[in-house]
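Each chain, letter by letter, is given below.
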Amino acid sequence: MILEKEILTLGIESSCDETSAAVLRGGRTVLSNVISTQIPIHQKFGGVVPEIASRKHIVNIMPVIDEAVRQAGVTLTDIDQVAVTYGPGLVGALLVGVSAAKALAFALDKPLIGVNHLEGHIFANFLTDPTLEPPFMALVVSGGHTALVDVRGYDTFHMMGQTRDDAAGEAFDKIARVMGLPYPGGPRIDALAKEGDPLAIDFPRALEEKGNYEFSFSGLKSAVLNYINSEKMKGHELRKADIAASFQHSVVEVLVEKAFDAVQRAGRDTLVLAGGVAANSGLEARLRERAAETGVRFFYPSRILCTDNAAMIACRGYYQAKHGDFSDLYLNAVPGLGLEERE
């Protein structure tokens with residue numbers, strides 16, 4: 001019989017432009033977390049090109065898995081279970097990781113666990129702080145999704161609300177592109193915002209009423225685009241730092257207000273931040289400040305765990321396995337997979 005603390009989980013992540021593999025001992029001890037990024041390849045195109053991403057995943061997937069196993073100081077035959085992202089993401093990219101995971105699970109005769117990428121982002125917080133336990137409120141902010149999730153247990157989630165249209169991360173990338181900032185746009189906006197005045201331009205905020213936990217950023221995105229076009233037509237020089245700071249301020253304040261309203265409504269004392277946009281320093285600082293004011297515990301993943309990585313997938317997979325939530329070899333990629341209720 002395998003003791004719980006000795007269980008080795010191999011995690012595989014390939015949902016977008018990072019090929020990653022990780023090995024975890026138990027649920028929270030990271031033995032390795034190898035990430036091969038494609039950012040330099042896609043920068044010349046101003047964004048991720050799905051076909052190119054898929055082809056690079058095919059080239060990278062096995063070397064990355066081999067390196068993760070080597071760094072962990074184990075062999076593939078030591079692995080007890082294989083966890084893999086099956087959605088959401090780019091369908092071709094997802095299929096590479098899913099195919100590799102199914103092949104390994106079959107060849108090694110090990111259990112296969114299909115993991116929701118967004119749930120993985122929430123579970124990245126368990127790898128950062130060993131004291132974190134459910135229940136807590138999770139603010140998920142990624143390139144494709146924005147949501148508030150009441151995490152009642154390791155396998156029990158209640159959706160408080162999510163985006164009706166654009167995700168926060170998507171808005172960051174689109175505004176950065178219009179401003180002529182290089183890919184990836186989110187970190188560029190964050191850096192530029194530090195040089196500007198967040199109150200210089202009064203950009204709109206949608207769905208601000210108390211008790212509404214849904215998000216909408218399409219109107220804000222349009223307002224920023226209209227402002228930029230108007231300034232150009234008037235022959236004015238764009239104050240890029242002020243635009244970045246004012247835009248980011250509008251996004252951050254909506255996220256913060258809704259998150260702490262949801263914490264209060266659900267009766268939680270803990271808030272965790274998850275998703276790629278969790279790496280935004282302005283958002284992290286404002287959440288930390290508000291948490292200190294209200295006495296709410298605030299957890300935040302390390303920078304490397306904010307981005308797409310396989311350690312968070314292995315962590316989520318470990319807790320799914322404890323709940324008996326396994327997949328069969330018919331597991332397929334689901335590019336439009338969203339966060340769902342788990343009761």
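Structure's up top.
The model shown is predicted, which means the values in this text are computed figures rather than measured ones. (Residues numbered from 1 in each chain as written. Predicted model: local features only at pLDDT ≥ 70, side-chain atom pairs only at ≥ 80, totals over all residues. Heavy atoms only, no water.)

Draft legend 1. Highlighting the pairing of strand E6 (residues 136–141). For E6, a buried count of six out of six residues is recorded, marking the element as mostly surrounded by other parts of the structure. Where burial is concerned, the two faces of E6 agree: the one with Phe-136, Ala-138 and Val-140 and the one with Met-137, Leu-139 and Val-141 are both buried. With six bridges joining them, E6 and strand E7 (residues 146–153) adopt antiparallel strand pairing. Across the sheet, the residue bridging to Val-140 is Ala-147, located in E7. (Buried < 20%, exposed > 50% of the residue type's maximum accessible area, 1.4 Å probe, protein only. Helix = DSSP H or I, 4+ residues; strand = E, 2+ residues; numbered from the N terminus. Pairing = 2+ DSSP bridges.)

Draft legend 2. Just the layout of surface pockets, in detail. A volume near 1200 Å³ is recorded for the largest pocket. Lining of the largest pocket is provided by 40 residues; of these, Cys-16, Gly-143, Asp-173, Tyr-183 and Gly-276 occupy positions nearest its centre. When residues in the lining of the largest pocket are grouped by element, the largest group, six residues, is from helix H5 (residues 168–178). Tallied by class, residues from the lining of the largest pocket come to 15 nonpolar, 16 polar and nine charged. Quantified by volume, the second largest pocket comes out at close to 160 Å³. In terms of lining residues, the second largest pocket is bounded by Asp-190, Ala-193, Lys-194, Pro-198, Ala-245, Gln-248, His-249, Val-252, Glu-253, Ser-281, Gly-282 and Arg-286. The greatest single-element share of the lining of the second largest pocket, amounting to five residues, is contributed by helix H8 (residues 240–266). Taken together, the residues of the lining of the second largest pocket break down into four nonpolar, four polar and four charged. (1 Å grid on protein atoms, 1.4 Å probe; cavity = no way out; pocket = protein on both sides within 12 Å on 5 of 7 lines; lining within 4 Å. Points joined across faces, edges and corners; volume = space filled by probe spheres on them. Nonpolar A, V, L, I, M, F, W, Y, C, P; charged D, E, K, R; others polar.)

Everything listed here is a matter of coordinates, which is why it stays silent on function.
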